[in-house]
Amino acid sequence: MPSDIRRSLVVPCLLALLAGCSGDADSPNESKVKPSSSASVGGYGDILVDGKPVTGSKPSGNKKIPYQRTYTDGEVYAPVTGYRSLAWGTSGLEAIYENSLTYRKGDNIETTIDPKVQKAAFEALGERRGAAVALNAGTGALLAVVSTPSYDPAAFSGNSSKDQEAWKKATGDKNKPMFNRALHEATAPGETFDIVIAAAALDHGLYDTVDEPTDGGSGECANATIREALARSCNESFAKLATDLGEERLRETAKRFGFGDDELNVPIRVAESKYGSYRNGAITVTPLQLARVTAALANRGLMMGRHLVTEDEKGQVAQSVPAATAGLLLPAVQEKKEWAPTDADDGTPSSWSLAYAQTEKGDTVALVVRVATSNAGAAARVNAAIAEALS
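Residues numbered from 1 in each chain as written. Predicted model: local features only at pLDDT ≥ 70, side-chain atom pairs only at ≥ 80, totals over all residues. Heavy atoms only, no water.

Undergrad: I'd like a rundown of the pattern of salt bridges, residues and numbers included.
TA: Tallying each qualifying case throughout the model produces 17 salt bridges. Of the charged contacts in the structure, one is a salt bridge between Arg 84 and Glu 94, with a shortest N-O distance of 3.0 Å. Taken as a pair, Arg 84 in strand S5 (residues 84–85) and Glu 94 in helix H2 (residues 92–96) lie far apart in primary sequence, 10 residues in all. Judged by relative accessible area, Arg 84 falls into the buried class, the value being 2%. Here Asp 203 makes a salt bridge to Arg 256, at a shortest N to O gap of 2.6 Å. Taken together, the residues Asp 203 in helix H7 (residues 194–203) and Arg 256 in helix H10 (residues 247–256) connect sequence positions 53 residues apart. Salt bridges sharing partners connect three or more residues here, namely Asp 46, Arg 69, Arg 84, Glu 94 and Glu 98. (Salt bridge = Lys/Arg side-chain N within 4 Å of Asp/Glu carboxyl O. Helix = DSSP H or I, 4+ residues; strand = E, 2+ residues; numbered from the N terminus. Buried < 20%, exposed > 50% of the residue type's maximum accessible area, 1.4 Å probe, protein only.)

Undergrad: Tell me about the pairing of strand S15 (residues 349–358), and name the residues and values.
TA: On a regular strand, each side chain points to the face opposite its neighbour's, so the side chains alternate between the two faces of the sheet. The element S15 is extensively covered by neighbouring structure, given that 8 of its 10 residues are classed as buried. Here strand S14 (residues 342–343) runs beside S15; their pairing, made up of 2 bridges, is antiparallel. Considered in S15, the bridge of Asp 343 is made with Pro 349. Note that S15 and strand S16 (residues 364–371) share 8 bridges and pair antiparallel. Its bridge partner lying in S16, Gln 358 is registered against Thr 364. (Pairing = 2+ DSSP bridges.)

Undergrad: Explain helix H4 (residues 115–125) residue by residue, including any values.
TA: Every buried residue of H4 is listed here: Pro 115, Val 117, Gln 118, Ala 120, Ala 121, Phe 122 and Leu 125. Against strand S1 (47–49), helix H1 (74–81), strand S8 (130–136), strand S9 (142–148), S16 and helix H13 (378–390) lie the buried residues of H4. In the stretch just after H4, Gly 126 is the one whose phi turns positive, near 65°. (Contact = heavy atoms within 4.5 Å.)

Undergrad: Explain the sheet that holds S14 residue by residue, including any values.
TA: Pairing within the open sheet is antiparallel, and its 5 strands lie in the order S9-S8-S16-S15-S14. A single partner strand is all that each edge strand has here, and the edge strands are S9 and S14. Here S8 runs beside S16; their pairing, made up of 7 bridges, is antiparallel. Bridge pairing in S16 links Leu 135 to Ala 366. Helix-sheet contacts for H13 involve S8, S9, S15 and S16, and the interaxial angle to S16 is about 150°. (Axes fitted to C-alpha atoms, helices over the stretch in contact; angles between N-to-C directions.)

Undergrad: I'd love a proper account of the sheet that holds S1, names of residues and values included.
TA: The 3 strands are arranged S2-S1-S7 in an open sheet whose pairing can be described as mixed. Pairing within the sheet leaves two strands with one partner each, and these edge strands are strand S2 (52–53) and strand S7 (109–110). By the bridge criterion, 2 bridges tie S1 to S2 in an arrangement that is antiparallel. Within S2, the residue paired with Leu 48 across the bridge is Pro 53.

Undergrad: Can you lay out the pairing of S9 for me, pointing to particular residues and giving the numbers?
TA: Along S9, 7 of the 7 residues are buried, which leaves the element largely enclosed by surrounding structure. Note that S8 and S9 share 6 bridges and pair antiparallel. Residue pairing for S9: Gly 130 is matched across the bridge by Thr 148.

Undergrad: So what about the side chain of Lys 336? Which residues, and what values?
TA: Assignment of secondary structure puts Lys 336 in the loop between helix H12 (323–335) and S14. Judged by relative accessible area, Lys 336 falls into the buried class, the value being 4%. Only 3.2 Å separates the side chain of Lys 336 from the side chain of Ser 233, close enough to count as a polar contact. Engagement of the side chain of Lys 336 in a polar contact is seen with the backbone oxygen of Glu 338, the distance being 3.0 Å. (Polar contact = N/O pair within 3.5 Å; in protein donor to acceptor, adjacent residues only side chain to side chain.)

Undergrad: Quick rundown of the packing of aromatic side chains? Include the residues and the values.
TA: One pass over the structure, following the stated rule, counts 11 aromatic pairs. Ring centres 5.6 Å apart and planes at 75° place the aromatic pair Tyr 83 and Phe 156 in the edge-to-face group. With Tyr 83 in the loop between H1 and S5 and Phe 156 in the loop between S9 and helix H5 (161–172), this pair connects stretches of sequence that are 73 residues apart. The buried category is assigned to Tyr 83, whose relative accessible area is 1%. With a centroid separation of 5.8 Å and an interplanar angle of 20°, the aromatic rings of Phe 193 and Tyr 275 are classed as stacked. Taken together, the positions of Phe 193 in the loop between helix H6 (181–184) and H7 and Tyr 275 in strand S10 (residues 275–277) put the pair 82 residues apart, joining distant regions of the chain. The same class applies to Phe 193 and to Tyr 275, which are both buried. Among the aromatic residues, those joined into a cluster by ring pairs are Tyr 83, Trp 88, Tyr 151, Phe 156 and Trp 167. Looking at Arg 84, its charged tip hangs above the ring of Tyr 44, at a distance of 4.7 Å from the centre. (Phe/Tyr/Trp six-rings, centres within 6.5 Å; stacked < 30°, edge-to-face > 60°. Lys NZ or Arg CZ within 6 Å of the ring centre and 35° of its normal.)

Undergrad: Can you lay out the environment of Gly 56 for me, pointing to particular residues and giving the numbers?
TA: With respect to the helices and strands, Gly 56 occurs in strand S3 (residues 55–59). Exposure remark for Gly 56: the relative accessible area of 9% places this residue in the buried category. Sequence separation between Gly 56 and Gly 45 is 11 residues, and the spatial gap between their C-alpha atoms is 7.9 Å.

Undergrad: Provide a residue-level description of the state of the cysteines, including the pertinent values.
TA: Within this structure, the stated rule accounts for 1 disulfide. Here Cys 221 engages in a disulfide with Cys 234; their sulfurs sit 2.1 Å apart. Across the S-S bond linking Cys 221 and Cys 234, the dihedral sits near -80°, which makes this disulfide left-handed. Placement of the pair is Cys 221 in the loop between H7 and helix H8 (226–231) and Cys 234 in the loop between H8 and helix H9 (235–245), with a sequence separation of 13 residues. For the pair shown, Cys 221 and Cys 234 are each scored as buried. (Disulfide = S-S within 2.5 Å.)

Shown next as structure tokens:
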């Protein structure tokens, strides 16, 4: 069963659901939310995308639980909305804002999601196992949070035998459609972690610029600069940099970028990205965390409070690396077009892509995609589609 479904929530919760029973453990507290617009007439409050509801309500035929949730483009937005079911409780934003959305109050929740970007990422990923995150570097607003394959929460929002069959199918699917890969799947970062190594090397004074020859490597990577080592995927060069830095200094930089944060939420809880040991390969990262690193470089090293709901716009700001370090490294990361695939502990290959795009207003957006394939260009093609939707 997916990690964001509270196991204790089953049919006994049915009659108490709208009185405050929730099936999501993503976040411990609900933010204070003001109504963003009138709720669905005679139903729950709605979750809004670009001011338009992607949820709705219909009569349930049950006097004690009078309404049942409906969804528009349910599969596209499921990683954001989560689900609201008469039989199985709630998850995602449906759970976090349970008290605001309940029909007794009926407040709406406005998200930061850009529908064009969300749909472009979803369609480009298709049925492949993967995830995509688009993060506004300057504001921390999440413009896309996509996980595939996905599920339609409307399929089991009721409590009929048909709903039960749909629930059983979704929770029993070997491809785990209810698992939010964008926020909850932490896997080996592969060479994307070279960004952190490079930042640490510059920050701790091992090198003054990204164009200074390093000491190490062989062939075309012999004594490559940091810029060249990134472009050429010089694993030996970065392994030497990591050794020269030592575990403690590398861990310090990784921590400032957000690795090891086990309380991260957007407000949906995000799985911890861990830095155990570079030498032993004990490093994992979620697509969301990698987007934070990518965004920080484009924002003078500042990590803005990432958020999925407009009410959370004034989040905490942290400095990952000095602005000078971010400024030195950013062009080298921007120039890299393809990242070598990596394998997880279970042998599942990952194609990663990190990129930048501009909104129509000129804001810089960090784009991160992971696709479960050994095709190096697969994730980059998804990011190209996202960038096009932003322009």
